[in-house]
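So the chains spell out like this:
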Amino acid sequence: MNIILVLIDSVNRNALSAYGGTEFATPNLQSFAKKAWRFDNHFVGSLPCMPARREIFAGFSGMQWRPWGPLEPFDLRLPKLLESAGYTTAIVTDHYHYWEESANGYIQSFQGAEFIRGHELDFWEPLVPEADLPQWVHNIEKWRPGYGHRYFSNVANFRDEADFFPAKVMTSASEWLAKPKTGKPFFLQVESFDVHEPFDVPEPYASMYGDGAARDRFTLWPPYQDAARQADFMSQASPEELAFVRSQYGAKLTMTDRWLGKLFTTLDELQLWDDTAVIVTTDHGHDLGERGGYGKQFPHFDSHANIPLLVWHPGLQAKNGGVIENLTSTVDLFASILAIAGVEPPRQTHSHSFLPLLKGETSNARNAVIYGTFGQGICCTDGEWTLIQPPDREKPLYAYSTMVPTTIEPQDKPVDHGRYIPGIDMPQWKIPISPDGPGDRRKLDSQPLLFNRRNDPGQSHDLWQDRPEERERMLRLMRQVIERYGAPAELFQRLGLD
């Protein structure tokens, strides 16, 4: 069985017509969804970009132990496991984080890699003179100093749609599929950094859902990593500017869908559907002003945490509508891809294969999933109820690693060493660090929240005080799942679960 994993960054589930969205056009994903299995309760795991990819590559839930960073020496690499099973492996991507020092070890596990340069803050082209920056770049610079200048320097020579990143990624992936290969099955990972910011698209997309010329008045890239700056932006942005940002997100989604269609057409032309499993998903969604904020920061509401997953398996074709209601998570892609390849997953994994769910087997289905960002709290859902549990930021926080990645900034305190992570027989550092990231400007991360997803899918009615029996049950359930995954003792103290 050949396997293609298509990872499209920052896709909101509710923006896809396959999930009932009506605001933006995504005809190719809609067409694919008609024959694929659609997972309705698929959730993020460790956030954001590289922590999510560590779950995919290594089947390891790392948010309890460490922030963003490279793969650990003990991490099992999915492409290497497939290579050992006789697969040809390759990746085509414009996700520039893979080439940063803080994300070492991911693409190096493939036999082949093609990288499309220039997205976001990729250090690709020389910086253009500030005098040459157009107004829309200055609008970005106001809220993200340096970001607009770097991005524009990379794309200043783009002239039409074919120059943009989704076109290059999907075209290159299609060309890879068409190249002569050995008789081995293949695993191809296709990653589009779009629909990620900045929401810069050419016409006709820029004016599909709004006025594309409004970029000279509004920003294409609202701030969110800096809580104070996001607060300033939200206090100054007009309803028209917020609507414009949303329209450009939708425009980029439609453009990415259009080029994804080229990849699907290549599968048609090469007659690959009969012996190729195709998985389409994302690493996380992206809030577009919901609850007064942008991005994918904690607290993780369903608006960016309940993500799309569409699966085509030629031996297990979708039936009865092809909808899977069982809980799955990003970390489950690891074991599922191995299962499709007929490879037994290693023992030291947090991953569950979703392949039995396609066969109607639910005896080993998850009863709950957890998700979150290191140092910033953890969420837990059993499908009906969701608990969002913030940390006590006054309590100690440690990162555990066999290395000291550049993303970890040690404090001026003693660093211990030992064996802390269950199942890992390698020395690890226990590094005291400050809380990861600023507090949420809306103060939504300072108190626990409890929602009933069935009765309140928009998660607008907090039931923490009103439903004490469900509150206590979900607290117990969260603790059980965290214990099953493994976590340091101080995490339970920080979350009030000790």
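Residues numbered from 1 in each chain as written. Predicted model: local features only at pLDDT ≥ 70, side-chain atom pairs only at ≥ 80, totals over all residues. Heavy atoms only, no water.

Q: Before we move on, can you summarise unusual backbone geometry with the specific residues and values?
A: In this model, Leu-47 is joined to Pro-48 through a cis peptide bond whose omega is -5°. Mapping Pro-48 onto the fold places it in the loop between β4 (46-47) and α2 (49-58). The omega torsion across Glu-197 and Pro-198 is -5°, close enough to zero to call that bond cis. On the secondary structure map, Pro-198 appears in the loop between β7 (186-192) and α7 (227-236). A positive phi angle is found at Gln-271, which is not glycine, with a value near 55°. Its location among the elements puts Gln-271 in the loop between α8 (239-269) and β8 (276-281). (Helix = DSSP H or I, 4+ residues; strand = E, 2+ residues; numbered from the N terminus.)

Q: Before we move on, could you go through the packing of aromatic side chains and cite the residues and values that matter?
A: A full pass over the atoms with the stated rule returns 28 aromatic pairs. On the numbers, 5.3 Å between centres and 75° between planes, the contact of Tyr-147 with Trp-221 is edge-to-face. Of the two residues, Tyr-147 is situated in helix α5 (residues 147-155) and Trp-221 in the loop between β7 and α7; the sequence distance between them amounts to 74 residues. A relative accessible area of 26% places Tyr-147 in the partly exposed class. Look at Trp-221 and you get buried, because its relative accessible area is 0%. An angle of 50° between the planes, with centres 5.7 Å apart, marks the rings of Phe-218 and Phe-244 as tilted. Of this pair, Phe-218 sits in the loop between β7 and α7 while Phe-244 sits in helix α8; the two residues are 26 residues apart in sequence, bridging distant segments of the chain. Phe-218 sits in the buried class, given a relative accessible area of 9%. One aromatic cluster is present, built from ring pairs that chain together Phe-57, Tyr-98, Tyr-106, Phe-110 and Phe-187. Above the face of the Phe-186 ring, Lys-181 is positioned so that its terminal group lies 5.7 Å from the ring centre. (Phe/Tyr/Trp six-rings, centres within 6.5 Å; stacked < 30°, edge-to-face > 60°. Buried < 20%, exposed > 50% of the residue type's maximum accessible area, 1.4 Å probe, protein only. Lys NZ or Arg CZ within 6 Å of the ring centre and 35° of its normal.)

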